[in-house]
Amino acid sequence: MSEKAIVDRIISDAEQEARKIIEDAENKASVAVGEASLRAERNKIGTQAEIDARVKGIFDGQAASARLDGLKIALGERRAVIDEIYARALGLLVALDKPTALYLAEKLLKAYADDGDEIIFAENYRYAQDVMKLPVVKEKNLKQSSKTAKIDGGFTLCGVNSDKNLSYGSLLSADREERQAEIALQIFN
């Protein structure tokens, strides 16, 4: 074999080996790119699912918050209506006519006054002298205080054992505690 043939044979073998190395590298690169594309697609799908879940959570949270805010506003408005009802009731109690005011005072004194209590009338109570003429006042030996109280109509009783607030505001407050839910059902249903 001639020298040229040997050199050509070496070059031919080298070129063939280079092509095989390049082909192997291209195959490995193709496989690596395919695997990377698959991983990227999986990551993309996973990330999108995560984003969708977070977006749904945010929207659900905002919707729940909006519902709660709406319920708070509705509750506030309902309370305002009930406040107005009791404010009007207080106005009506303060403006009672004489026979009705005396009837109410007599019932309250019979139910709550103890022997020897002192009656302190509200500054705006118009029938104090008439209340002092009621039979229950004599029966229970009640006295009228020389001072008046800054209360929402009615009167308070000061006694040896305890004081009792029988002001119209206090009576309405107790009624509200007891009947507020019932009143709300009647008004809002």
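Residues numbered from 1 in each chain as written. Predicted model: local features only at pLDDT ≥ 70, side-chain atom pairs only at ≥ 80, totals over all residues. Heavy atoms only, no water.

K.L.:
Can you help me understand unusual backbone geometry in this one?
P.N.:
Excluding glycine, a negative phi dihedral is what most residues carry, and trans is how most peptide bonds are arranged. At Asn141, a position not held by glycine, the phi torsion is positive, near 55°. On the basis of relative accessible area, Asn141 is assigned to the partly exposed category, the value being 44%. (Buried < 20%, exposed > 50% of the residue type's maximum accessible area, 1.4 Å probe, protein only.)

K.L.:
Just checking my understanding: could you explain the packing of aromatic side chains for this structure?
P.N.:
The description of an aromatic ring pair rests on the distance of the ring centres and on the angle between the ring planes. Enumeration according to the criterion identifies four aromatic pairs in this entry. Measuring from ring centre to ring centre gives 6.3 Å for Tyr125 and Tyr127, while their planes differ by 85°; the resulting arrangement is edge-to-face. The two residues Tyr125 and Tyr127 agree in class, both being buried. Note on Tyr125 and Phe155: the rings are 6.3 Å apart at their centroids and 90° apart in plane angle, and the pair reads as edge-to-face. One end of the pair, Tyr125, is in the loop between strand S1 (118-121) and helix H3 (128-131); the other, Phe155, is in strand S3 (residues 154-158), with 30 residues separating them in the sequence. Grouping residues by exposure puts Tyr125 and Phe155 together as buried. One aromatic cluster is present, formed by Phe121, Tyr125, Tyr127 and Phe155 through successive ring pairs. Directly above the ring of Phe188 sits Arg78, whose terminal nitrogen or CZ lies 5.0 Å from the centroid. (Phe/Tyr/Trp six-rings, centres within 6.5 Å; stacked < 30°, edge-to-face > 60°. Helix = DSSP H or I, 4+ residues; strand = E, 2+ residues; numbered from the N terminus. Lys NZ or Arg CZ within 6 Å of the ring centre and 35° of its normal.)

K.L.:
Explain the sheet that holds strand S4 (residues 163-167) to me, please; I cannot follow it from the model alone.
P.N.:
Strand order in the open sheet formed by four strands is S2-S1-S3-S4, and the pairing between neighbours is mixed. The open sheet terminates on both sides in strands that have one partner only, identified here as strand S2 (143-144) and S4. Here two bridges tie S1 to S2, and the two strands are oriented parallel to one another. Considered in S2, the bridge of Glu118 is made with Lys143. Strands S1, S3 and S4 of the sheet are contacted by helix H2 (residues 98-112), whose axis makes an angle of about 20° with S3. Helix H5 (residues 168-188) contacts S3 and S4 of the sheet and is inclined by roughly 90° relative to S4. (Pairing = 2+ DSSP bridges. Contact = heavy atoms within 4.5 Å. Axes fitted to C-alpha atoms, helices over the stretch in contact; angles between N-to-C directions.)

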